[in-house]
Structures are given as C-alpha cells and as structure tokens.
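# Structural description and commentary
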Amino acid sequence: MEYIKKDLGSYNLHVIRTDKFKTVMVRVVFQRPVVKNEITMRNVLSQMLLQSTYKYKTKRDMNIKAEDLYAADIYSTNNRLGKYATSNFYLSMLNDKYTEKGNLEKGIEYLSEIIFNPDVHDNKFSNEKLDIVMSSCRSSLNSIKEEASKYSVMRMYEELDGKSPASYRMCGYLEDLDNINEENLYTYYESMIKSDLVDIFVIGDVSYEDMLEVFKKYFKFRVLKKRKTSYLLDDVSCKKKKVVREEIDNSQSNLSIGCRVHGLTEYERNYPLTLFNVIFGGGCDSKLFKEVREENSLCYTIVSIPNKLDNLLLIRAGIDRYNFNKTMEIIEKDLKDMQKGKFKESDISVAKELFNTAIDETMESQSKIIDNYLMMEFIGTDDLDKKRELMNKVTKKEIVNVAKKVKIDTVFLLEGGK
C-alpha cells in the first residue's frame, strides 16, 4: 500500500494506492470548529446538495447519472471529531479496468458538480427541494425518543456538561430548523466552500499523477486554509457523581454513564486506554458483560466505549428499572477491580488479540483505511504497523494506571417499564 499526500494550498489531496479492491472510493471532508447553532444548518445543507444540482434538476436525474457511471454510490455524513464539525461526501465506483477508460474521471466530475454547482437561482436554493429536506429532518428530529438508547446517551452528555461540544446533538435541533430558509442556507453553503478546511482522500488501484491532474481540474477551491484549533476537548476532572432520571413510555430502561478520563498522556490515550476498555466493557469477554449480564442477568445489553478526543468513557446498558441500583453497584465494583489490578495477564492477551484482529479487519475496508489515514493526519496517531507494535508492548501496570484515571461523573437513567 502506497500513501502520498499533496498540499494544494486550499486543500490536501491524499492518495492511497492499493490493488486490493475492485472499487475506488473518494471522500471529500469539509471541517470547521463546531458551533452548536450551525449543526442543523449543516445537516440540511448536506441533504440539499444530494437532492439536485444546477445540471441535474431532479433526484431522478441524479439517479440516472449514477447508473450511467456503472451504479456509482454517492452519499454524505455529518459528525463531530473533537472540537471540529465534519461534513463528508463519498463517491464509490468500480475501477476503470472493470468498466471503461475515463469512467472514474466522469464520476469525480459528477461529485464536483454536486459540491460546486448546486441548484441555486438568485442566490437561493430551490424552495420546493428545501421543503422536502426540511420535512425529512423534522420527522427525524421529532422521533428522537423512539431510539431510546441513543436518546439516553444524548441526554447524559447534556447533563454531563451542557456547554461542551460533547453535549451537542449532531442530529440537530428543531428550534434551529425553524430558522432555516433558502437564502440563509445558500449563505452558509458559500461560507462552507470558502472557509472550511478541506481534505480529499482517494483509495484504490489508481495512479497518483492521474488523481492529482483530475482533482486539480475539477476541485478548485480559491482560499488558502490552515488548521489552528486542536481537535482535543478540554481535559476536565470529575467533581462529584451526579444521577439524573427521566421517564419514557417504553418497556425497557436505558442506562448511560459518562466517565471522565483525566490526565491522560497521548500514549495512554491511544494504547493502555484501549486495552483497559476491552477488558472492562468492550466485548463479550469483558468484566461488565460477564458479571452484569451473564452472572447476574441484570441487563439486556452492556458495553463501554472510549471517546478519546473528548477525554470521556461511555458505559451503555439496557436494563429493567428495578435493577438500577444493583447494576450500578456491580459496575462500580468492576471499575475498582480494574484500578486495583484485579484482572489476569490472560485478559490482556485476549484484548491484544482482539485489537490485532481489528487491525486486520481495517485492511479489508476502504472506508476504515481512509479513517485510519484521516486520524493520522488530523490527530497524529500512528500507522497500523506502529499501532500493532506498541499495543503488543502495553503492560498490566500501564493499564492499571489508566484505570485509576477513570471516574464516574454523570449517570443518566431513561426510565421505562412503568
């Protein structure tokens, strides 16, 4: 696998050359420091750009064009990466050797049409198309509570620290949706094109020289841009455990626990914390899964997830509301056991094997490979070979030291079953 990065001034082009896949994937990443009241606007904009373009006026026209490109797949996602909001536009299509010469360039030209030539007249998006997108967004936002597990996590983060970007609902807000119109949406679009940091990743059996020529031809951002803000959220210590309850009309209760992870070094964040999480609650062999679910039958599901850029660790469980106190008792006991080193060397070996398997699986996915290079470029993480080498050297003492830095801060119970 060959990786080449080219700084083109207004954006960076990253080409990952490999003959492992029959398809070529392109990911265009727009990012800027996250602002709470821009999240909904950004979500609407991503959907609007995929509704129509100046050249392809309807969704049907766009689908026909994608089929002409041998069933090219184009989609978008929005998420948060630490202090940054990112909007991602993806193109996935067959390599030219399986279709026809020049097909990939046509696909990249089509992607540029979507991004640079939206369906705009008199500096306004189409009101008809906007109504369609707004209706879809409104329906999604009105049904947030229907996904009780996700809603519980959102509410926990809001209770943990309502001012931190970690608490922002990346699905958006109804009150902000009501303020969006075809004019201010276009103004925001122009701001994104002119001001956002842009990185373009390409992976597949492609020539770096060909990709450089094609992207210079179709992707012409005009403004020089440099990163200024760190991705890492502020490192906040835990003050006092807080328990919040909220009722929901549901048969099951959802428990979300936010733990502060304070004072981590970069090495601890990337390596010992990962192994701590696998042993503590990261899978079917973890302490939480075995003791809370299997031995005591207190939950339907339970898992822990580290949010490294947020200096947080999340514990999620689906429980019966009558089991709340007992569940918390065992979770706190398991955390203390980790802090006292009450786990086996064999647990560490299993965790390392799972990590190595995850690296092997990464190499089988174009999107995961792009994710890895993206994190290397944006956050400064190590490449996969270095990760494997350093992870295999992590000691029990290092895991225990990290465990001691994990403190339960906010417990949120979305209480159903009444």
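Structure shown above.
All values derive from a computational prediction rather than experimental measurement. (Residues numbered from 1 in each chain as written. Predicted model: local features only at pLDDT ≥ 70, side-chain atom pairs only at ≥ 80, totals over all residues. Heavy atoms only, no water.)

In the sheet, strand 11 (residues 299–307) pairs with strand 12 (residues 312–319) via eight bridges, with the strands oriented antiparallel. Bridge pairing links V303 to R316 in strand 12. (Pairing = 2+ DSSP bridges. Helix = DSSP H or I, 4+ residues; strand = E, 2+ residues; numbered from the N terminus.)

Bringing the sheet that holds strand 13 (residues 406–415) into the picture now. Within a sheet, each strand pairs with its neighbour through backbone hydrogen bonds, oriented either parallel or antiparallel. The five strands are arranged 9-13-10-12-11 in an open sheet whose pairing can be described as mixed. Two strands lie at the open edges of the sheet, namely strand 9 (242–247) and strand 11, each paired on one side alone. Between one strand axis and the next, the sheet turns by 15° as a mean value, whatever way the strands run. The pairing of strand 10 (residues 253–261) with strand 12 spans eight bridges and is antiparallel. Bridging across to strand 12, C259 finds its partner in L313. Running over the sheet, helix 12 (residues 324–339) touches strand 9, strand 10, strand 11, strand 12 and strand 13 and is turned about 160° from strand 13. (Axes fitted to C-alpha atoms, helices over the stretch in contact; angles between N-to-C directions. Contact = heavy atoms within 4.5 Å.)

In this section: the sheet that holds strand 2 (residues 12–17). Read across the sheet, six strands follow the order 1-2-8-3-5-4 without closing on themselves; strand pairing throughout is mixed. Across the chains shown, the open sheet's two edge strands, defined by having one partner strand only, are strand 1 (2–7) and strand 4 (73–81). The mean inter-strand angle of the sheet, taken between neighbouring strand axes irrespective of direction, is 15°. Relative to strand 5 (residues 84–94), strand 4 is paired through nine bridges, and the arrangement is antiparallel.

The final tally for this structure, using the stated rule, is 17 aromatic pairs. Note on F30 and F221: the rings are 5.9 Å apart at their centroids and 70° apart in plane angle, and the pair reads as edge-to-face. Pair noted here: F30 is in strand 3 (residues 23–33) and F221 is in the loop between helix 8 (208–218) and strand 9, with a separation of 191 residues, a long-range link. There is no split in this pair, since F30 and F221 are both buried. (Phe/Tyr/Trp six-rings, centres within 6.5 Å; stacked < 30°, edge-to-face > 60°. Buried < 20%, exposed > 50% of the residue type's maximum accessible area, 1.4 Å probe, protein only.)

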